[in-house]
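# Structural features, examined
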Amino acid sequence: MRRTVDGVTLGYDLEGRGEPLLFLHGFPLHRGMWRPQIAALRDRFQVLTVDLRGFGESSVSDEVTLAQLAADVVALMADLGIARAAVIGLSMGGYVAFRLLEQAPTFATRLVLADTRAEPDTDEGRARRLALAARVAQEGREAMRDFVAGLVGPTTRARRPEVVATVEALAAAADPRALVATLHALAARPDSRPLLSRITVPTLVIVGAEDTITPPETARAMADAIPHSRLVVLPEAGHLSNLETPEAFTAALRTFLETTAG
Ligand code: MLT
């Protein structure tokens, strides 16, 4: 489905009935990355997946910030009449979730931060990202090949060709203009660490044991800084843990949702 709010069109899906769960995808993918979780959870929950601006069926802008991506989602939720939801963000989806917490502090009933981090880019990381943006501007999405290959862990690369194919297909849908704009937004993202101690809702931090982009040590430090949090490390999963080990990811999510239900 698509809906235009404040001049921005966003793609989204709303399935199932029950407590709303809002899923925010990683870069450079789209809402289709949540397919395994939708199938597993729509019997008990209202599952909402959104394409962040630039991705999937959403409008593309030449310039964006993570705050704008969050504001788009907040506006869509208001338009759909969804006042509160458990928010699940993977990687960039987690960065957007931090901005959403600032903009709509009572929206999240619970929080799941998967394969993400609160720190901004290091100077070196930022320079690498801006260099990648320049290459994508010149060469198109082919320049993303190594980045996309590094999203999954070694176990997936060696043993799960179907997951590699799914990730490549999800990334192949990305518009080069959105890739450039979003790489700039990621490079400019603020430090979210000051927010962590102020998160009052139950929080689950999930990370793939083989995640090299947002590694387990980073996830552990983030979980330690959030008052009501727990950490789950998923064996044999890299940065896209929900796609690489979907059963284990969904089981951890389901257990968290069942044991923290208000
Ligand atoms: C993502 O998966 O959203 C990206 O890897 C985030 C990042 O590069 O920091």
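Report follows, based on the coordinates. Predicted model only: the values in this text are computed from it and were never measured.

### Concerning the layout of surface pockets
Roughly 630 Å³ of volume is contained in the largest pocket. Going through the elements one at a time, α3 (92–103), α4 (123–139), α5 (145–149) and α8 (176–187) are the ones with two or more residues in the lining of the largest pocket. By residue number, the principal contributor to the lining of the largest pocket is α4, which donates 6 residues. Partitioned by chemical class, the residues of the lining of the largest pocket number 14 nonpolar, 6 polar and 7 charged. Of the volumes computed, that of the second largest pocket is approximately 280 Å³. Lining the second largest pocket are 16 residues, and of these Met144, Arg145, Val148, Glu168 and Ala171 sit closest to its centre. For the lining of the second largest pocket, the element with the highest residue contribution is helix α7 (residues 161–172), accounting for 5 residues. A class-by-class count of the residues in the lining of the second largest pocket yields 11 nonpolar, no polar and 5 charged.

### Observations concerning helix α2 (residues 66–80)
Taking 1.5 Å per residue as the helical rise, α2 with its 15 residues ought to reach 21 Å, and the 21 Å between its terminal C-alpha atoms agrees with that figure. Here α2 has its buried residues at Leu66, Leu69, Ala70, Asp72, Val73, Ala75, Leu76, Met77 and Leu80. One or two steps after α2, the chain reaches glycine 81, where phi turns positive at roughly 75°.

### Observations regarding the pairing of strand β6 (residues 108–114)
Of all 7 residues in β6, 6 are buried, a share of seventy percent or more. Read as a crossover between parallel neighbours, the route from strand β5 (residues 85–90) over α3 to β6 is right-handed. Inspection of the sheet shows β6 paired to strand β7 (residues 203–208) by 4 bridges, in the parallel sense. Each bridged residue has a counterpart across the sheet, and for leucine 113 the counterpart in β7 is valine 205.

Calculation rules
- Residue positions are given per chain, counted from 1 along the sequence in the order it is written.
- Per-residue local features of the predicted model are confined to residues with pLDDT of at least 70, and side-chain atom pairs are confined, for both listing and counting, to 80 or more; whole-chain, interface and lining totals are unaffected and use all residues.
- Only hydrogens and water are removed before side-chain values are computed, so all heavy atoms of the structure are retained for them.
- Using protein atoms alone on a 1 Å grid, points that fit a 1.4 Å probe yet trap it form a cavity, whereas open point sets bounded by protein on both sides within 12 Å along at least five of seven lines form a pocket; residues with an atom within 4 Å of a point count as lining.
- Grid points are joined across faces, edges and corners, and a volume is the space filled by probe spheres set on the points.
- Counting from the N terminus, the helices are DSSP H or I runs at least four residues long and the strands are E runs at least two residues long.
- The residue classification treats Ala, Val, Leu, Ile, Met, Phe, Trp, Tyr, Cys and Pro as nonpolar and Asp, Glu, Lys and Arg as charged. All others, Gly included, are polar.
- Working rule for helices: expected span equals 1.5 Å times residues minus one.
- Each residue is assigned to one of three classes by its accessible area relative to the maximum for its type, calculated with a 1.4 Å probe on protein chains only: buried under 20%, partly exposed between the two thresholds, exposed over 50%.
- The handedness of a crossover follows from its direction of travel: if, with the strands pointing away from the viewer, the path from the first strand over the helix to the second runs clockwise, the crossover is right-handed.
- Any two strands with at least two DSSP-identified bridges between them are counted as paired.

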